[in-house]
Each structure stands twice: as C-alpha cells, then as structure tokens.
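What follows is each chain in one-letter form.
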Amino acid sequence: MRRSTLAMLLTGLALLASVPLALASDQPAEFGDAPAEEAGAGGPALAAEEASPHLAETDDVDDEGDEEAEETRPGPRLPTDVATRSARVEDLPPTVARPTRVVVESLGIDAPVDQVATDDDGAMEIPEDVARAGWFRRGPAPGSQEGSSVLSAHVDSRTQGKGAFYPLRTIAEGAEVVVEAADGAAFTFEVTSLVRYGKDDLPISELFRRDGEHQLVLITCGGAFDPATGEYDENVVAIAEPVER
C-alpha cells in the first residue's frame, strides 16, 4: 500500500514539472517575428509595384475602346510619390476649369487640349493625334494659384506630319502663351526659359510640382531621332510665368 502511494506521488510530481515546459513552448513569438516554421521559408517578398501602387492603377478614366498608337513616343516618366493635399474643404484651392486650348501666336501654335494622366509604364500620356496637346490632369490647371501646369504634345509623326509643338524648340524668351479654359476664361503666360534635357535627365520633381509659384510647363521631344526605337533623345521644355492682366 505504501509503495503504491509513493509511486502515485512521484508520478504527480513528474506531471507538475512538465507543465511549465509545455506552457513555455506555447508562448507567442515576439511581435513582428515570423513563426519558426515560416522564418526564411515563407512566400516571396512583396513586389515593388504591389507595395507602392502604380499611378495608373488609380486612374478613373474609362479607357475602353482606346486603340493602340501607330507610333510609341511616350511622354516624360513621372514619380509615384505624388504629394497629397488636405481633404478639408477650407484647405482646398479655388477650382479652376480645365484647359481646352493653347495658343502661341508668335509660333503659329493653336492646339486643342485634352486631359491625360499616365500610361501603364508611368509615362505621361500624349494624345495620339499630333495636332492636339495633353494637360496632365493630376496636377494644377493653368490659372491656379500655385504649382506647375504641364502641357505636352508630339513634335511630329511619320504618318501625321508635324505636331502641335513642332515649333516649340524655337520659342523666344518673352513669348506670350495663352491658355483657354472650359469656362471661357483665358490665362496669359510669358516664356522665361527654354531648356533641353536628355530623356533620363528631366527634373520631374520641379516640372510636376504641386506647390510653389505657379508656372506653365510646355514639353515636347527634341534632339536626335533614333529610327531603331522611334524616339528622340531629348525633351524640349519651355517654362512660362503668369502675366497679370
């Protein structure tokens, strides 16, 4: 009887001793640590395009029915870290109507303006019709209180001939640029500089900024043409400042 009691006591002590070990093995991993079975053996890391959504994925324009362009000459590449604004009504800038036409009388430029965003590669879209210019609608409209309003157009086309901004490379300092808006307003700008940039050297942050002094930016292609790629090796950029009328 004594031996049986002693055996039961020893068994009970052994079970009690095993409880802390079992509890310790069930403790959760430290916050942020991967479970042991997943460490180093999980799924692939999040792709860059998944971690930072592409600008084009937020585009609300209906692209159904769009046809492939005859010639691919994309616009300037844009950053994905677009600045955001406060959503409070009192913090929003006054609304300015979208631009509908750009005129540079001294160069014979008179082109309708379409609203554009970015393509699947993150480049600014340009109307396929080389006689038309595109306004980057995710930035300020001409006539806004601050930021850069960007208009871009093709310089030419093998099938369509000279583009709307073909003469831009010869624009002179002080030339007058008039942008008409959908509500009938017209905004006048004066050219202050004309610069050529290599395709990979375009100062995107400055040309597409959302704040600072208001300016109008006109962009087209320039430099040498490469028949193999169907692209020019430069961008021609004219900067114009508002003229008070």
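### Digging into the overall build of the chain
A count of helices and strands for the chain gives 3 helices and 10 strands. What you see in the chain, going N to C, is helices and strands ordered as α-α-β-β-β-β-β-β-β-β-α-β-β. In the chain, the proportion of contacts linking residues at least 24 apart, taken out of those at least 6 apart, comes to 64%. For the chain, the exposed area adds up to about 15,500 Å²; of that, 51% sits on carbon and sulfur atoms.

### Considerations on the pairing of strand 9 (residues 215–226)
As paired strands, strand 4 (residues 148–152) and strand 9 are joined by 5 bridges and run parallel to one another. Of the residues in strand 9, the one forming a bridge with S152 is I219. Two elements, strand 9 and strand 10 (residues 231–242), share 9 bridges in a ladder whose sense is antiparallel. Looking across to strand 10, one finds that T220 is bridged to V236. In this structure, the hairpin formed by strand 9 and strand 10 is closed by a connection of 4 residues, where G230 is found at a positive phi of approximately 75 degrees.

### Comments concerning the sheet that holds strand 2 (residues 109–116)
Reading around the circumference, 1-2-3-4-9-10-8-7 is the order of the 8 strands in this closed barrel, with mixed pairing throughout. Averaged over all pairs of adjacent strands, the angle between strand axes in this sheet comes to 35 degrees, irrespective of strand direction. Where strand 3 (residues 133–136) and strand 4 come together, 2 bridges link them in antiparallel fashion. When the sheet's bridge partners are listed, G134 is paired in strand 4 with S152.

### Some details on the packing of aromatic side chains
Under the defined criterion, the tally for this structure stands at 2 aromatic pairs. Where F136 meets F208, the ring centres are 5.5 Å apart and the plane angle is 85 degrees; that geometry is what we call edge-to-face. In this pair, F136 is assigned in strand 3 and F208 in the loop between helix 3 (204–207) and strand 9, connecting sequence segments 72 residues apart. Judged on exposure class, the residue F136 and its partner F208 are both buried. Both rings, one in F225 and one in Y232, keep their centres 5.0 Å apart while their planes meet at 55 degrees; by these two values the pair is tilted. Its guanidinium or amino end placed over the ring of Y166, R169 lies 4.3 Å from that ring's centre, counting from NZ or CZ.

### Some points on the confidence of the model for the chain
Of the residues in the chain, 61% reach a pLDDT of 70 or more, and the chain-wide mean stands at 74. Below pLDDT 50 for its whole length, residues 13–70 participates in 30 contacts with residues either more than four positions away or in separate chains. For residues 79–92, every residue scores under 50 in pLDDT, and the model assigns this stretch 11 contacts once sequence neighbours within four places are set aside.

Criteria and thresholds
Residue numbers restart at each chain and count upward from 1, following the sequence in its written direction. Note on the predicted model: pLDDT of at least 70 is required for a residue's local features to be given, and 80 or more for side-chain atom pairs to be given and counted; whole-chain, interface and lining totals, by contrast, use all residues. Side-chain measures were taken over the full set of non-hydrogen atoms in the model, leaving aside hydrogen atoms and water. By the criteria applied, helices consist of DSSP H or I runs no shorter than four residues and strands consist of E runs no shorter than two, each listed in order from the N terminus. Residues count as neighbours in contact if any of their non-hydrogen atoms are within 4.5 Å of one another. Surface accessibility follows the Shrake-Rupley procedure with a 1.4 Å probe radius. Residue values consider only the protein chains on display as shielding. In short, DSSP must find at least two bridges between two strands for them to pair. Structural elements are reduced to axes, namely lines fitted to C-alpha atoms, with helices fitted over the stretch in contact, and the angle between N-to-C directions of any two is expressed from 0 to 180 degrees. Planes of paired rings set the category: under 30 degrees apart is stacked, over 60 is edge-to-face and the rest tilted, where pairs are Phe, Tyr or Trp rings (Trp by its six-membered ring) whose centres lie within 6.5 Å. Using a 1.4 Å probe on the protein chains alone, a residue whose accessible area is under 20% of its type maximum counts as buried, one over 50% counts as exposed, and one in between counts as partly exposed. Note on geometry: a ring has a charge over it if NZ (lysine) or CZ (arginine) is within 6 Å of the ring centre and within 35 degrees of the ring normal. On a range of 0 to 100, pLDDT expresses the predictor's confidence in each residue.

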